[in-house]
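# Residue-level structure breakdown
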Amino acid sequence: MNNIFKSILRKIFRRKIIKNFNKYCPRKEGHVLLYYKTDYYSLGGLLEDRSHTNEWESYEIAKVFNQLGFWVDIADRTISKNDIEKLEDKYDVFFGIGAGDSGQYFVDIAKKLTKAKKILYALGPEPNLSNRITKERHDYFLKRHPGSDIVVRRLIKEVDIDESMKFVDAIVTNCNEWGIEGYKKFEKPIERVWLSSFPSLRTTFAEIKEKDQTKFLYFGGNGNITKGLDLAIEAFAKLPHLELYIGAPKTEEDFNIVINPIIDNTPNIKFIGFMDVKSEKFSEISSKCAYVILPSSSEGCATSVTTCMRRGLVPIVTEESGVDIGNFGFLLKSIKVGDLVEQISEVSNLDNKDYVRRSVLSYIESQKYTQSYFSHTLEKALLTILSNIHAK
């Protein structure tokens, strides 16, 4: 089923609110309102071949609450204020997104549910911090390309996190320690979960040994400047002996006007476009590339990187990417183009035995970014928060 058809199905069949989800609840102890996505519930098996793992995660959150003794009502993130007015003030727990614009109604719902304990599901860094570093990245772009007419994308405009925190009892987040640090100022309990990558992705030791250390993959979605695509392109333009494959949508025309001339005159940079991780193209490119590079400035957890780790690629990332790289990945300590050139060149000359070791460890670490580990860490997080609330 192609993505366009699935998008049409979502719009037709999506339900704003689903009530009394109790499929996995052995005994009802309470009721939860989940504010996230209803697509998986609305279309069920039709979305089994899903385009984004958050559809499964929304379903799994309700399932875990069920197993802990809670019935769940699910409000889609496209809910309206009129829908919110109709909500009953009957819930024991409100668990909802609210760190990005898709969670813009977190406060409205929290105000409505006076009896519920509120858990913020923070799928990204603290919004004020995220906005500041996003603007800094665009400023750096304009410094290198003065006069460019560039839209500042991925700013969070619909969320007042300081207002949200007046209602929050605890935070569950996908952020690593860098992202968690931004929330500590609110003095709320914080629990971490690990998001899932696509479960079917695997690699083999034979593939790992055959990877080419001169080949790098940039794999990301929209928000090219925020994610550092411009930096990767400008760095590899100065490294003609290395190849950069770009798996990203080519939809930002203002960005393309500035960057396309660089790509067109740089044969070692190959713009592939959007790649479905289940496609032969992704399998082909991820099998020959040795590294995945993402100089991003603001992520909760860059699942594009963890997806590539499932294929044995070694991550080269910024701290802000939200990916733990242990003793196998490489941290980009500076995003200045000249510094990136130096760091990338050094990595490409890694001893092959050391590379194989790092690739194996990258794949092992990717086991944390699986559905089973998401479920495990979510259950642990919820039990910790609920027990602390009960103890008060």
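Everything in this summary refers to the structure shown in the same document. (Residues numbered from 1 in each chain as written. Predicted model: local features only at pLDDT ≥ 70, side-chain atom pairs only at ≥ 80, totals over all residues. Heavy atoms only, no water.)

## A few points about the packing of helix α11 (residues 229-236) against helix α15 (residues 337-348)
Contact geometry for α11 and α15: axes closest at 9 Å, N-to-C directions at 65 degrees. Between α11 and α15, the angle is such that the two are roughly perpendicular. When you trace α11 past α15, the crossing you get is right-handed. Each of Leu231, Glu234, Ala235 and Phe236 in α11 lies in contact with α15, whose residues at this interface are Val337, Leu340, Val341 and Ile344. In terms of residue class, the contact of α11 with α15 is made up of seven nonpolar, no polar and one charged. (Axes fitted to C-alpha atoms, helices over the stretch in contact; angles between N-to-C directions. Helix = DSSP H or I, 4+ residues; strand = E, 2+ residues; numbered from the N terminus. Parallel < 35°, antiparallel > 145°, perpendicular 65-115°, else oblique. Left-handed = near helix turned anticlockwise from the far one by under 90°. Contact = heavy atoms within 4.5 Å. Nonpolar A, V, L, I, M, F, W, Y, C, P; charged D, E, K, R; others polar.)

## Quick word on the sheet that holds strand β4 (residues 93-97)
Strand order in the open sheet made by the seven strands is β1-β3-β2-β4-β5-β6-β7, with mixed pairing throughout. Each edge of the open sheet carries a strand with a single partner, namely β1 (17-21) and β7 (190-192). Looking at each pair of strands side by side, their axes are set apart by 20 degrees on average, direction ignored. As defined by bridge partners, β1 adjoins strand β3 (residues 70-76) across three bridges and the pair is classed as antiparallel. Note on β3: the bridge partner recorded for Ile17 is Ala75. (Pairing = 2+ DSSP bridges.)

## Structural notes on the packing of aromatic side chains
Applying the stated criterion across every chain, the model contains 17 aromatic pairs. Between Tyr291 and Phe330, the aromatic rings sit 6.5 Å apart at their centres with planes inclined by 65 degrees, giving edge-to-face as the arrangement. Separated by 39 residues along the polypeptide, Tyr291 in strand β11 (residues 289-294) and Phe330 in strand β13 (residues 330-331) bring together distant segments of the chain. Given the relative accessible area of 17%, Phe330 is considered buried. One aromatic cluster is present, formed by Tyr36, Phe65, Phe70, Phe95 and Tyr121 through successive ring pairs. Of note, Lys28 hangs over the ring of Trp71, and the distance from its end group to the ring centre comes to 4.5 Å. Geometry around Tyr140 places Arg144 over its ring, the cationic atom sitting 4.4 Å from the centre. (Phe/Tyr/Trp six-rings, centres within 6.5 Å; stacked < 30°, edge-to-face > 60°. Buried < 20%, exposed > 50% of the residue type's maximum accessible area, 1.4 Å probe, protein only. Lys NZ or Arg CZ within 6 Å of the ring centre and 35° of its normal.)

## As for the layout of surface pockets
Counted as a void, the second largest pocket has a volume near 220 Å³. Tallied by class, residues from the lining of the second largest pocket come to five nonpolar, three polar and six charged. (1 Å grid on protein atoms, 1.4 Å probe; cavity = no way out; pocket = protein on both sides within 12 Å on 5 of 7 lines; lining within 4 Å. Points joined across faces, edges and corners; volume = space filled by probe spheres on them.)

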